[in-house]
4 protein chains.
Amino acid sequence: MLIQLDYRDGTPIYEQIVNRIKKLVLIGAMAPDEPLPSVRSLAVELATNPNTVQKAYAELERQGVIYTVKGRGNFISGDKSLVEVKKKEMREQLMALMKEADELGIDRKELLKGLE
Amino acid sequence: MLIQLDYRDGTPIYEQIVNRIKKLVLIGAMAPDEPLPSVRSLAVELATNPNTVQKAYAELERQGVIYTVKGRGNFISGDKSLVEVKKKEMREQLMALMKEADELGIDRKELLKGLE
Amino acid sequence: MLIQLDYRDGTPIYEQIVNRIKKLVLIGAMAPDEPLPSVRSLAVELATNPNTVQKAYAELERQGVIYTVKGRGNFISGDKSLVEVKKKEMREQLMALMKEADELGIDRKELLKGLE
Amino acid sequence: MLIQLDYRDGTPIYEQIVNRIKKLVLIGAMAPDEPLPSVRSLAVELATNPNTVQKAYAELERQGVIYTVKGRGNFISGDKSLVEVKKKEMREQLMALMKEADELGIDRKELLKGLE
DNA sequence: GTGGTCTAGACCACA
DNA sequence: GTGGTCTAGACCACA
């Protein structure tokens, strides 16, 4: 798996793993029901602790990105609507930004110029 | 000062203080060279630890939002370009968002629809 | 046999097999003394590990739902009172629920409204 | 705090802690914004590992039962609707039970007799 | 082999 | 002092 950790950046390792895998799923690099590397093997690959990978996988399962089968491993969920969820999140971020701009008297048009 | 802390929201208290004061300055609620409440008095007002307020003020000084005069207190910087700095930050956020959208194959136009 | 496993749902596979077979017996889909598929064939059918099916059968035997004849295979028990046992279990669950409701000050009548 | 662990029972310790605290909140034994014992002190009290308590608290926060303030501690959420949520859960359990009874040809009235 | 839980203990940010 | 993250390693259920 193409996961690169950045030990300098402040975000926790387990969170970096979560984000990376979510990204891989979002861009379609990992197909539904495709198995993820085992907790232990990924830990070795990333030179980190199995507990840390475990924490990342647990969070991914909680978010519905993957599912776990005891004794078998972890697999990508078939949830195709993940991109839709992401889109919604981005819309919310944009609207919050626009609201902030308004409060500061910054022109929306100017802010968005050339972004389309 | 009109600062309301939200203990439930996860962001550290010192960061909430920083954000609130930046906001107050940005919207013009605090004029250049206006004094801020002393560390101790604000700590009392917010029912928090003086260390926390101190940390917030240090961060604000680092960002150039306020300046400290030893023995006299803390004051709002006269930096009128603060809004400009903010605008630049917002542009960067927007460009990062657009880049992410591209990676996920989300149409920029669709994402920005109705925001102007 | 009409057994469908759900790998996404968290319950262990051997337990799903146990539950499914108990259900089949309870609803009368499997008659007393009827033979069950062999461990190996069911394992193949379910694309799972023979150990898993073995564990499920052992548990079913422990519960008295099936019986094993060495060299011949596994068979449904003639225990017609299985439904009675189930009914008793359900009563116990209901009474535990009612007890919990009492502790929380939830009205039993309200909780049971429209269920008869 | 009145928390008793049962090391014999199979449910994980962290989950027992979660359940106990939820119960205490549900029955009103702990008021909103009341502080919980610190991770370390509860670990000592229960003769368990701080990580285990930490895991329980993290889960409680995820469920909205408590909220965390870094450097200060954990506090009970003011969510009064917790009982409502619980009631809804119990209704769902009851309806599932009734459905199962129907499938087995068990009379609902008989099953519910004397429970009100 | 695979995931889940737990211990013992360290280090860090925050208050 | 308080919570959050992480390491190193053990033990267990499950497949």
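Placed above this text is the structure.
Below or above, wherever it landed, is the structure these notes cover. Being a predicted model, the structure only gives us computed values, none of them experimental.

With that settled, consider the relation of the copies chain A and chain B. After a rotation of 180° and a shift along the axis of 0.3 Å, chain A superposes on chain B with an RMSD of 0.6 Å. In the structure described here, the two chain copies are related by an operation that fits a two-fold rotation axis. Using C-alpha coordinates, one finds that chain A approaches the rotation axis most closely at Leu 94 of chain A, a distance of 3.9 Å. Both copies contact each other with a shared surface, as 100% of the interface residues of chain A are interface residues in chain B too.

Right, let's talk about the protein's contact with DNA strand E for a bit. Inspection of the region around DNA strand E gives 30 residues, with Gln 54 of chain A, Ile 13 and Thr 52 of chain B together with Ile 13 and Thr 52 of chain D positioned closest. Sugar and phosphate atoms constitute 68% of the interface atoms of DNA strand E, taking the interface as everything within 4 Å of the protein. Here Tyr 14 of chain D contributes a side-chain N or O atom positioned 3.1 Å from a phosphate oxygen of DNA strand E. Here a base nitrogen of DNA strand E and a side-chain polar atom of Asn 51 of chain D are 2.7 Å apart. Listed by contribution, the elements that provide at least two residues to the surface near DNA strand E are α2 (39-45), α3 (50-62) and β2 (73-76) of chain A, α1 (13-26) and α3 (50-62) of chain B together with α1 (13-26) and α3 (50-62) of chain D. Counting residues per element, the surface near DNA strand E draws most heavily on α3 of chain D, which supplies three residues. Residues that form the surface near DNA strand E fall into these classes: seven nonpolar, 15 polar and eight charged.

Taken together, 30 residues form the shell around DNA strand F, and within it Ile 13 of chain A, Ile 13, Thr 52 and Lys 55 of chain C together with Gln 54 of chain D come nearest. For DNA strand F, the backbone portion of the atoms within 4 Å of the protein, that is sugar and phosphate, comes to 70%. Between DNA strand F and Tyr 14 of chain C, the relevant distance is 3.3 Å, taken from a phosphate oxygen to a main-chain nitrogen or oxygen of the residue. Val 39 of chain D has a polar backbone atom sitting 2.9 Å from a phosphate oxygen of DNA strand F.

Next up on the list: α3 of chain B. All names here are of chain B. If you check α3, its first and last C-alpha atoms are 18 Å apart, about what 13 residues at 1.5 Å a residue would give, namely 18 Å. Within α3, the full set of buried residues consists of Thr 52, Val 53, Ala 56, Tyr 57 and Leu 60. All buried residues of α3 fall inside an arc of 135° around its axis, so they share one side. Structural note: α3 exposes Asn 51 and Arg 62 on the side pointing more than 90 degrees away from its buried face. Of the surrounding elements, those touching the buried residues of α3 are α1, α2 (39-46), β1 (66-69) and β2 (73-76). Gly 64, located one to two residues past α3, shows a positive phi value of around 80°.

Reading the values: rules and limits
- Residues numbered from 1 in each chain as written.
- Chains lettered and ligands numbered in written order.
- Predicted model: local features only at pLDDT ≥ 70, side-chain atom pairs only at ≥ 80, totals over all residues.
- Heavy atoms only, no water.
- Least-squares fit on C-alpha atoms with pLDDT ≥ 70 in both.
- Contact = heavy atoms within 4.5 Å.
- Near = heavy atom within 4 Å.
- Polar contact = N/O pair within 3.5 Å; in protein donor to acceptor, adjacent residues only side chain to side chain.
- Helix = DSSP H or I, 4+ residues; strand = E, 2+ residues; numbered from the N terminus.
- Nonpolar A, V, L, I, M, F, W, Y, C, P; charged D, E, K, R; others polar.
- Expected span 1.5 Å × (residues − 1).
- Buried < 20%, exposed > 50% of the residue type's maximum accessible area, 1.4 Å probe, protein only.
- Arc of directions from axis to C-beta.

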